[in-house]
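Residues per chain, in single letters:
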Amino acid sequence: MNKDFYNSVKNELFNNILSYWDKFSRDLENPGFYGEIDNDNIQNKEIDRSIVMTSRFLWTYSAVARLTKNSDFLQMADFAYDVICKKYWDKNNHGVFWSVFPNGNPCVSKKQIYGEAFCCYGLSEYAAATKELRKDNEKSEKVMNLAVKIFDLQTAACVGEAACLNGQMSVAADVMGRIDAACKGRAAELQRLVLQD
């Protein structure tokens, strides 16, 4: 890799991107991440916020913390994790809302695989970072269990959807049952790998 290019990317990430989001994206009054920031860095305090954006913050700051072995980056990840648990998690139907208003009420309450997947990515990376940098096995396991729960919910929903769309429901259910079992096996393996010592 070209060393100048590498240094340029590293400089951009650590001196511009991460510090920008840390400074301008967090809403401390209504905990969450602003859904819109204009070119003058003015945050729109009324617009809804998305699980994809929040999960990206969780993943990014967790990944950077792991890459640099610097747990200071986990402060932003901690904030994102708390927001996901307090505002996005659907306590009645489980999974995460697609978007919420600043006060935490659902804006779009339907579950979207895209959002659920990003949440799983973020939670998995956060679980690994918490284990590696803080040596907090209990929290790491709790976070990873949440990621696996979301994964399992989406797998079950997709299996049901596929079975209903196929006119040969008994065959589809059988095939999808095997796919479901394989996916759960991969989720268990992922959990084992992230949580292993």
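The rules behind these values
- Numbering of residues starts from 1 in every chain and runs along the sequence as written.
- Thresholds applied to this predicted model are a pLDDT of at least 70 for local features of residues and 80 or more for the giving and counting of side-chain atom pairs; totals over whole chains, interfaces and linings are not thresholded and use all residues.
- With hydrogens and water set aside, each side-chain value is computed from the structure's full complement of heavy atoms.
- In this scheme Phe, Tyr and Trp rings, the latter by its six-membered ring, pair at centre separations within 6.5 Å, and the angle between planes marks the pair as stacked below 30 degrees, edge-to-face above 60, and tilted otherwise.
- Only DSSP runs of H or I with at least four residues qualify as helices, and only runs of E with at least two residues qualify as strands; both kinds are numbered from the N terminus onward.
- Classification of residues uses two cut-offs on accessible area relative to the type maximum, computed with a 1.4 Å probe and protein chains only: under 20% is buried, over 50% is exposed, and between them is partly exposed.
- Remark: a charge is flagged as sitting over a ring if the NZ atom of Lys or the CZ atom of Arg is within 6 Å of the ring centre and within 35 degrees of the ring normal.
- Salt-bridge detection follows one rule: a side-chain nitrogen of Lys or Arg within 4 Å of a carboxyl oxygen of Asp or Glu.
- Axes here refer to lines fitted to C-alpha atoms; in helices the fit is confined to the stretch in contact. Angles between the N-to-C directions go from 0 to 180 degrees.
- Note that the term roughly parallel is reserved for angles under 35 degrees, roughly antiparallel for angles over 145, roughly perpendicular for angles of 65 to 115, and oblique for everything else.
- Should the near helix be turned anticlockwise from the far one by less than a right angle, the crossing is termed left-handed; should it be turned clockwise, right-handed.
- Working rule for contacts: check all heavy atoms of both residues, and any pair within 4.5 Å makes them a contact.
- When residues are sorted by character, Ala, Val, Leu, Ile, Met, Phe, Trp, Tyr, Cys and Pro go into the nonpolar class, Asp, Glu, Lys and Arg into the charged class, and all the rest, Gly among them, into the polar class.

A. Seen up close, the packing of aromatic side chains. Overall, the coordinates contain ten aromatic pairs when judged by the stated rule. Taken together, a centroid distance of 4.9 Å and an interplanar angle of 40 degrees make the contact between Y20 and F24 tilted. Pair noted here: Y20 and F24 are both in helix α1 (residues 3-24), with a separation of four residues, about one helical turn. Residue class for Y20 comes out partly exposed when judged on its relative accessible area of 25%. An aromatic cluster is built from Y20, W21, F24, F33, F57 and F79, whose rings are joined through pairwise contacts. Over the face of the ring belonging to F79 we find R26, whose NZ or CZ atom lies 5.6 Å from the ring centre.

B. Looking closely at the pattern of salt bridges. Throughout the structure, instances matching the rule amount to six salt bridges. The partner of R26 in a salt bridge is D22, and the shortest N-O contact between them spans 2.5 Å. The exposure class assigned to D22 is partly exposed, which follows from its relative accessible area of 35%. Linking R49 and D27 is a salt bridge whose minimum nitrogen-to-oxygen distance equals 2.7 Å. Here D27 lies in strand β1 (residues 26-27) and R49 lies in strand β3 (residues 49-50), a separation of 22 residues in the sequence. According to the relative accessible area criterion, R49 is buried, its value standing at 2%. Salt bridges linked by common partners bring R66, E125 and E132 together as one network.

C. Layout of the packing of helix α2 (residues 51-68) against helix α3 (residues 74-88). Where α2 contacts α3, the two axes come as close as 8 Å, and the packing angle between them is 150 degrees. With respect to α3, the axis of α2 lies roughly antiparallel. The element α2 and its partner α3 pack so that their crossing is left-handed. On α3, the residues touching I51, T54, S55, F57, L58, Y61, S62 and A65 of α2 are L74, M76, A77, A80, Y81, V83, I84 and Y88. Of the residues that constitute the contact of α2 with α3, the class distribution is 13 nonpolar, three polar and no charged.

On their own, these measurements won't tell you what the molecule is for.
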